[in-house]
Amino acid sequence: MREKKTEGFLGRLKKDLKVNCFLYLLALPGVAYYIIFHYIPMPGIAMAFVDYKAKLGILGSRWVGLRHFERFFNSYYFGVLIKNTLGISIYSLLVGFPIPIIFALMLHYLNVKWLKKTVQMVSYAPHFISTVVICGMLTMFLNQETGIMNQVLSQLGLEKVGFLSEARFFKSIYVWSDVWQGMGWSAIIYISALAGVDYELHEAAIMDGATKVQRILHIDIPSIKSTILMLLILQFGSLMSVGFEKVYFLTNNMNKSSANIISTYVYQVGMIDHDYSFSTAVGLFNSIINMVLLITVNRISKKVAGESLV
(Lines give C-alpha, C1' and ligand atoms only; values in the text may rest on other atoms or scores of the structure.)
Protein backbone atom coordinates (compact mmCIF):
# COMPACT_ATOMS: atom_id res chain seq x y z
CA MET A 1 0.00 0.00 0.00
CA ARG A 2 2.81 2.39 0.83
CA GLU A 3 4.52 1.75 -2.51
CA LYS A 4 1.30 2.52 -4.41
CA LYS A 5 0.86 5.75 -2.48
CA THR A 6 4.46 6.71 -3.20
CA GLU A 7 4.05 5.91 -6.88
CA GLY A 8 0.81 7.86 -6.97
CA PHE A 9 2.46 10.88 -5.38
CA LEU A 10 5.42 10.73 -7.74
CA GLY A 11 3.08 10.37 -10.68
CA ARG A 12 1.07 13.41 -9.61
CA LEU A 13 4.27 15.37 -9.03
CA LYS A 14 5.60 14.46 -12.47
CA LYS A 15 2.31 15.50 -14.07
CA ASP A 16 2.25 18.75 -12.11
CA LEU A 17 5.82 19.52 -13.15
CA LYS A 18 4.85 19.13 -16.80
CA VAL A 19 1.77 21.34 -16.48
CA ASN A 20 3.29 24.03 -14.24
CA CYS A 21 6.94 23.82 -15.31
CA PHE A 22 7.24 27.59 -15.80
CA LEU A 23 5.87 28.28 -12.29
CA TYR A 24 8.46 25.92 -10.81
CA LEU A 25 11.17 27.67 -12.82
CA LEU A 26 10.02 31.02 -11.41
CA ALA A 27 10.17 29.60 -7.88
CA LEU A 28 13.60 28.04 -8.43
CA PRO A 29 15.73 31.19 -7.70
CA GLY A 30 13.90 31.75 -4.41
CA VAL A 31 14.27 28.11 -3.39
CA ALA A 32 17.96 28.17 -4.37
CA TYR A 33 18.51 31.36 -2.33
CA TYR A 34 17.11 29.80 0.86
CA ILE A 35 18.98 26.53 0.36
CA ILE A 36 22.34 28.25 -0.30
CA PHE A 37 22.17 31.09 2.23
CA HIS A 38 19.88 29.69 4.96
CA TYR A 39 20.12 25.89 5.04
CA ILE A 40 23.65 25.04 3.91
CA PRO A 41 25.27 27.44 6.49
CA MET A 42 23.22 25.93 9.36
CA PRO A 43 26.01 23.63 10.63
CA GLY A 44 27.98 26.81 11.25
CA ILE A 45 25.94 27.48 14.41
CA ALA A 46 28.26 25.00 16.11
CA MET A 47 30.75 27.87 16.14
CA ALA A 48 28.72 29.39 19.00
CA PHE A 49 29.74 26.49 21.26
CA VAL A 50 33.48 26.38 20.51
CA ASP A 51 36.42 28.73 20.88
CA TYR A 52 36.79 29.07 17.13
CA LYS A 53 40.23 29.25 15.59
CA ALA A 54 40.45 29.65 11.82
CA LYS A 55 43.49 27.36 11.56
CA LEU A 56 41.76 24.54 13.45
CA GLY A 57 38.29 24.90 11.94
CA ILE A 58 35.02 24.36 13.77
CA LEU A 59 35.57 20.65 14.49
CA GLY A 60 39.15 21.19 15.63
CA SER A 61 38.44 24.15 17.92
CA ARG A 62 38.06 23.69 21.68
CA TRP A 63 34.50 23.03 22.91
CA VAL A 64 33.36 25.64 25.46
CA GLY A 65 29.63 24.91 25.68
CA LEU A 66 27.49 27.89 26.71
CA ARG A 67 30.38 30.13 27.74
CA HIS A 68 29.79 32.67 24.95
CA PHE A 69 26.10 32.91 25.84
CA GLU A 70 26.94 33.48 29.52
CA ARG A 71 29.44 36.14 28.47
CA PHE A 72 26.74 37.93 26.48
CA PHE A 73 24.13 37.69 29.26
CA ASN A 74 26.57 39.07 31.83
CA SER A 75 27.89 41.89 29.63
CA TYR A 76 26.96 45.54 30.03
CA TYR A 77 25.60 45.65 26.48
CA PHE A 78 23.00 42.91 27.00
CA GLY A 79 20.36 45.12 28.65
CA VAL A 80 21.03 48.05 26.30
CA LEU A 81 20.82 45.90 23.16
CA ILE A 82 17.60 44.16 24.22
CA LYS A 83 16.03 47.48 25.23
CA ASN A 84 16.92 49.22 21.95
CA THR A 85 16.04 46.27 19.74
CA LEU A 86 12.67 45.68 21.39
CA GLY A 87 12.01 49.42 21.55
CA ILE A 88 12.44 49.87 17.80
CA SER A 89 10.65 46.58 16.98
CA ILE A 90 7.58 47.22 19.12
CA TYR A 91 7.41 50.85 17.95
CA SER A 92 7.56 49.62 14.33
CA LEU A 93 4.89 47.00 15.01
CA LEU A 94 2.47 49.41 16.70
CA VAL A 95 2.88 52.07 14.01
CA GLY A 96 3.96 50.22 10.89
CA PHE A 97 1.53 47.29 11.00
CA PRO A 98 -1.89 49.06 11.10
CA ILE A 99 -1.01 51.94 8.74
CA PRO A 100 -0.85 49.78 5.54
CA ILE A 101 -4.25 48.30 6.47
CA ILE A 102 -5.76 51.75 6.91
CA PHE A 103 -4.11 52.94 3.69
CA ALA A 104 -5.46 49.91 1.78
CA LEU A 105 -8.98 50.56 3.08
CA MET A 106 -8.77 54.21 2.05
CA LEU A 107 -7.66 53.25 -1.46
CA HIS A 108 -10.37 50.60 -1.65
CA TYR A 109 -13.06 53.24 -1.09
CA LEU A 110 -11.51 55.77 -3.45
CA ASN A 111 -13.81 55.84 -6.49
CA VAL A 112 -11.79 58.18 -8.74
CA LYS A 113 -9.78 55.64 -10.79
CA TRP A 114 -7.04 57.95 -12.07
CA LEU A 115 -6.45 59.35 -8.58
CA LYS A 116 -6.43 55.86 -7.11
CA LYS A 117 -3.80 54.64 -9.59
CA THR A 118 -1.70 57.76 -9.06
CA VAL A 119 -1.74 57.39 -5.28
CA GLN A 120 -0.84 53.71 -5.57
CA MET A 121 2.08 54.42 -7.90
CA VAL A 122 3.42 57.23 -5.70
CA SER A 123 3.09 55.13 -2.55
CA TYR A 124 4.88 52.13 -4.11
CA ALA A 125 7.82 54.16 -5.43
CA PRO A 126 9.79 54.63 -2.14
CA HIS A 127 10.00 50.85 -1.72
CA PHE A 128 12.35 50.66 -4.71
CA ILE A 129 14.74 53.29 -3.34
CA SER A 130 17.84 51.68 -1.83
CA THR A 131 18.48 51.96 1.90
CA VAL A 132 21.71 53.88 1.29
CA VAL A 133 19.84 56.54 -0.71
CA ILE A 134 17.08 56.75 1.92
CA CYS A 135 19.66 57.28 4.66
CA GLY A 136 21.40 59.92 2.54
CA MET A 137 18.10 61.73 2.06
CA LEU A 138 17.37 61.62 5.79
CA THR A 139 20.84 62.96 6.57
CA MET A 140 20.34 65.85 4.15
CA PHE A 141 16.77 66.70 5.23
CA LEU A 142 17.53 66.49 8.97
CA ASN A 143 20.89 68.23 8.95
CA GLN A 144 21.03 70.73 11.82
CA GLU A 145 22.41 73.57 9.72
CA THR A 146 21.21 73.09 6.14
CA GLY A 147 18.41 70.51 6.43
CA ILE A 148 14.92 71.32 5.15
CA MET A 149 13.31 70.51 8.50
CA ASN A 150 15.54 72.94 10.38
CA GLN A 151 15.10 75.58 7.70
CA VAL A 152 11.34 75.38 8.26
CA LEU A 153 11.80 75.58 12.04
CA SER A 154 14.07 78.59 11.57
CA GLN A 155 11.47 80.34 9.40
CA LEU A 156 8.88 79.74 12.13
CA GLY A 157 11.16 81.39 14.68
CA LEU A 158 11.99 78.13 16.47
CA GLU A 159 15.38 76.80 17.47
CA LYS A 160 17.12 74.34 15.18
CA VAL A 161 17.13 70.74 16.32
CA GLY A 162 19.86 68.13 15.88
CA PHE A 163 17.57 65.29 14.86
CA LEU A 164 20.36 62.84 14.08
CA SER A 165 22.62 63.96 16.91
CA GLU A 166 20.11 63.42 19.72
CA ALA A 167 19.39 59.85 20.81
CA ARG A 168 15.75 60.57 21.70
CA PHE A 169 14.82 61.14 18.04
CA PHE A 170 16.46 58.04 16.59
CA LYS A 171 13.62 55.54 17.05
CA SER A 172 11.02 57.91 15.59
CA ILE A 173 13.22 58.74 12.59
CA TYR A 174 13.83 55.05 11.92
CA VAL A 175 10.19 53.95 12.31
CA TRP A 176 8.44 56.77 10.45
CA SER A 177 10.90 56.73 7.55
CA ASP A 178 10.33 52.96 7.37
CA VAL A 179 6.56 53.53 7.30
CA TRP A 180 6.91 56.05 4.49
CA GLN A 181 9.13 53.73 2.49
CA GLY A 182 7.11 50.53 2.94
CA MET A 183 3.51 51.63 3.46
CA GLY A 184 2.41 51.40 -0.18
CA TRP A 185 4.21 48.13 -0.84
CA SER A 186 2.86 46.50 2.34
CA ALA A 187 -0.67 47.57 1.42
CA ILE A 188 -0.64 45.54 -1.82
CA ILE A 189 -1.62 42.28 -0.15
CA TYR A 190 -4.47 43.97 1.74
CA ILE A 191 -5.72 45.63 -1.45
CA SER A 192 -5.74 42.21 -3.13
CA ALA A 193 -7.62 40.67 -0.19
CA LEU A 194 -10.20 43.48 -0.21
CA ALA A 195 -10.78 42.95 -3.93
CA GLY A 196 -11.99 39.44 -3.12
CA VAL A 197 -14.68 40.56 -0.66
CA ASP A 198 -18.17 39.71 -1.94
CA TYR A 199 -19.76 43.01 -3.02
CA GLU A 200 -23.24 41.59 -2.37
CA LEU A 201 -22.50 41.96 1.33
CA HIS A 202 -21.84 45.65 0.77
CA GLU A 203 -25.00 46.04 -1.29
CA ALA A 204 -27.07 44.45 1.49
CA ALA A 205 -25.39 46.70 4.07
CA ILE A 206 -26.04 49.80 1.95
CA MET A 207 -29.72 48.82 1.64
CA ASP A 208 -29.86 48.59 5.45
CA GLY A 209 -28.38 52.09 5.75
CA ALA A 210 -24.86 51.14 6.88
CA THR A 211 -22.21 53.85 6.68
CA LYS A 212 -18.75 53.30 5.17
CA VAL A 213 -17.23 53.02 8.63
CA GLN A 214 -19.76 50.35 9.59
CA ARG A 215 -19.09 48.46 6.36
CA ILE A 216 -15.36 48.57 7.07
CA LEU A 217 -15.78 47.34 10.64
CA HIS A 218 -18.37 44.63 9.96
CA ILE A 219 -17.58 43.47 6.40
CA ASP A 220 -14.10 44.40 5.19
CA ILE A 221 -12.02 43.78 8.29
CA PRO A 222 -13.70 40.43 9.18
CA SER A 223 -13.27 39.34 5.54
CA ILE A 224 -9.50 39.98 5.57
CA LYS A 225 -9.00 38.89 9.18
CA SER A 226 -7.06 35.76 8.21
CA THR A 227 -4.67 37.80 6.04
CA ILE A 228 -4.10 40.31 8.85
CA LEU A 229 -3.43 37.56 11.39
CA MET A 230 -1.02 35.69 9.12
CA LEU A 231 1.06 38.81 8.52
CA LEU A 232 0.91 39.73 12.21
CA ILE A 233 2.22 36.29 13.20
CA LEU A 234 5.05 36.56 10.68
CA GLN A 235 5.89 40.06 11.94
CA PHE A 236 6.16 38.73 15.50
CA GLY A 237 8.49 36.05 14.17
CA SER A 238 10.95 38.76 13.12
CA LEU A 239 10.38 41.06 16.09
CA MET A 240 14.03 40.93 17.18
CA SER A 241 15.37 41.29 13.63
CA VAL A 242 15.53 45.05 13.21
CA GLY A 243 16.89 46.08 9.80
CA PHE A 244 20.67 46.31 10.05
CA GLU A 245 21.42 48.59 7.09
CA LYS A 246 19.38 51.64 8.03
CA VAL A 247 20.42 51.52 11.68
CA TYR A 248 24.08 51.16 10.69
CA PHE A 249 24.02 54.10 8.26
CA LEU A 250 22.13 56.44 10.62
CA THR A 251 24.17 55.64 13.73
CA ASN A 252 26.77 58.09 14.99
CA ASN A 253 28.60 58.63 18.28
CA MET A 254 25.90 60.99 19.56
CA ASN A 255 22.85 58.77 19.03
CA LYS A 256 24.56 55.42 19.61
CA SER A 257 22.92 54.94 23.01
CA SER A 258 19.54 54.49 21.26
CA ALA A 259 20.79 53.05 17.97
CA ASN A 260 22.93 50.16 19.20
CA ILE A 261 20.92 46.98 18.48
CA ILE A 262 21.68 43.26 18.31
CA SER A 263 22.29 43.10 14.55
CA THR A 264 24.79 45.98 14.56
CA TYR A 265 26.46 44.53 17.66
CA VAL A 266 26.87 41.16 15.89
CA TYR A 267 28.48 42.97 12.94
CA GLN A 268 30.79 44.92 15.25
CA VAL A 269 31.90 41.88 17.24
CA GLY A 270 32.12 39.46 14.32
CA MET A 271 33.36 41.45 11.33
CA ILE A 272 35.40 44.18 13.03
CA ASP A 273 36.61 42.54 16.27
CA HIS A 274 36.86 39.08 14.60
CA ASP A 275 35.29 37.34 17.60
CA TYR A 276 33.38 34.89 15.42
CA SER A 277 32.24 32.48 18.13
CA PHE A 278 30.81 35.21 20.33
CA SER A 279 29.02 36.94 17.43
CA THR A 280 27.56 33.58 16.34
CA ALA A 281 26.26 32.99 19.87
CA VAL A 282 24.60 36.42 19.95
CA GLY A 283 23.04 35.86 16.52
CA LEU A 284 21.83 32.39 17.51
CA PHE A 285 20.26 33.81 20.68
CA ASN A 286 18.45 36.37 18.54
CA SER A 287 17.15 33.69 16.16
CA ILE A 288 15.95 31.48 19.03
CA ILE A 289 13.97 34.37 20.54
CA ASN A 290 12.35 35.01 17.14
CA MET A 291 11.47 31.33 16.78
CA VAL A 292 9.93 31.19 20.27
CA LEU A 293 7.90 34.34 19.57
CA LEU A 294 6.68 32.93 16.24
CA ILE A 295 5.55 29.62 17.77
CA THR A 296 3.95 31.30 20.80
CA VAL A 297 2.00 33.91 18.81
CA ASN A 298 0.96 31.25 16.27
CA ARG A 299 -0.49 29.06 19.04
CA ILE A 300 -2.24 32.01 20.72
CA SER A 301 -3.78 33.01 17.38
CA LYS A 302 -4.97 29.43 16.77
CA LYS A 303 -6.64 29.24 20.18
CA VAL A 304 -8.13 32.73 20.26
CA ALA A 305 -9.00 33.44 16.61
CA GLY A 306 -8.87 29.98 15.03
CA GLU A 307 -6.22 31.15 12.55
CA SER A 308 -2.62 29.95 12.34
CA LEU A 309 0.22 29.41 9.91
CA VAL A 310 -0.16 25.61 10.09
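Structure first, text after, so check above.
A short tour of the structure in this document, coming up. Computed from a prediction, not measured in an experiment: that's the story for all the values here. (Residues numbered from 1 in each chain as written. Predicted model: local features only at pLDDT ≥ 70, side-chain atom pairs only at ≥ 80, totals over all residues. Heavy atoms only, no water.)

Side note on the nonpolar core
Stage number 1. Within the largest apolar cluster, 21 residues are counted, with the highest numbers of intra-cluster contacts made by Phe163, Ile173 and Leu250.
Stage number 2. Among the elements that line this core, the one with the most residues is helix H10 (residues 170–195), at 5 residues.
Stage number 3. In contact with Ile173, not counting residues within four places along its chain, are Leu138, Leu142, Phe163, Leu164 and Leu250.
Stage number 4. Formed by 16 residues, the second largest nonpolar core is a distinct cluster that contains Phe103, Tyr190, Leu194 and Ile224. (Core = buried A, V, L, I, M, F, W, Y, C linked by side-chain atoms within 4.5 Å. Buried < 20%, exposed > 50% of the residue type's maximum accessible area, 1.4 Å probe, protein only. Helix = DSSP H or I, 4+ residues; strand = E, 2+ residues; numbered from the N terminus. Contact = heavy atoms within 4.5 Å.)

Some details on the packing of helix H16 (residues 262–272) against helix H17 (residues 276–304)
Stage number 1. For the pair H16 and H17, interaxial distance at closest approach is 8 Å and the crossing angle is 165°. The orientation of H16 relative to H17 falls into the category roughly antiparallel. Crossing handedness for the pair H16 and H17: left-handed. Together, Ile262, Tyr265, Val266, Val269 and Gly270 of H16 and Tyr276, Phe278, Ser279, Val282, Gly283 and Asn286 of H17 make up the contact between the two elements. (Axes fitted to C-alpha atoms, helices over the stretch in contact; angles between N-to-C directions. Parallel < 35°, antiparallel > 145°, perpendicular 65-115°, else oblique. Left-handed = near helix turned anticlockwise from the far one by under 90°.)

Looking at the pattern of salt bridges
Stage number 1. Tallying each qualifying case throughout the model produces 4 salt bridges.
Stage number 2. Across the pair Glu166 and Arg168 runs a salt bridge, and its minimum N-O distance is 2.7 Å.
Stage number 3. Taking the relative accessible area as the measure of exposure, Arg168 reaches 62% and is therefore exposed. (Salt bridge = Lys/Arg side-chain N within 4 Å of Asp/Glu carboxyl O.)

As for the environment of Ser123
Stage number 1. Structurally, the position occupied by Ser123 is in helix H7 (residues 113–124).
Stage number 2. Residue Ser123 is classed as buried on the basis of its relative accessible area of 9%.
Stage number 3. Beyond its immediate chain neighbours, meaning those up to four positions away, Ser123 contacts Phe103, Gly184 and Trp185.

Overview of the packing of aromatic side chains
Stage number 1. Tallied over the full model, the rule gives 22 aromatic pairs.
Stage number 2. Between Tyr33 and Tyr34 the ring centres are 5.2 Å apart and the planes differ by 85°, which places this aromatic pair in the edge-to-face class.
Stage number 3. Note on Phe73 and Phe285: the rings are 5.4 Å apart at their centroids and 70° apart in plane angle, and the pair reads as edge-to-face. Linking Phe73 in helix H4 (residues 67–74) with Phe285 in helix H17, this pair joins segments that are 212 residues apart in sequence. (Phe/Tyr/Trp six-rings, centres within 6.5 Å; stacked < 30°, edge-to-face > 60°.)

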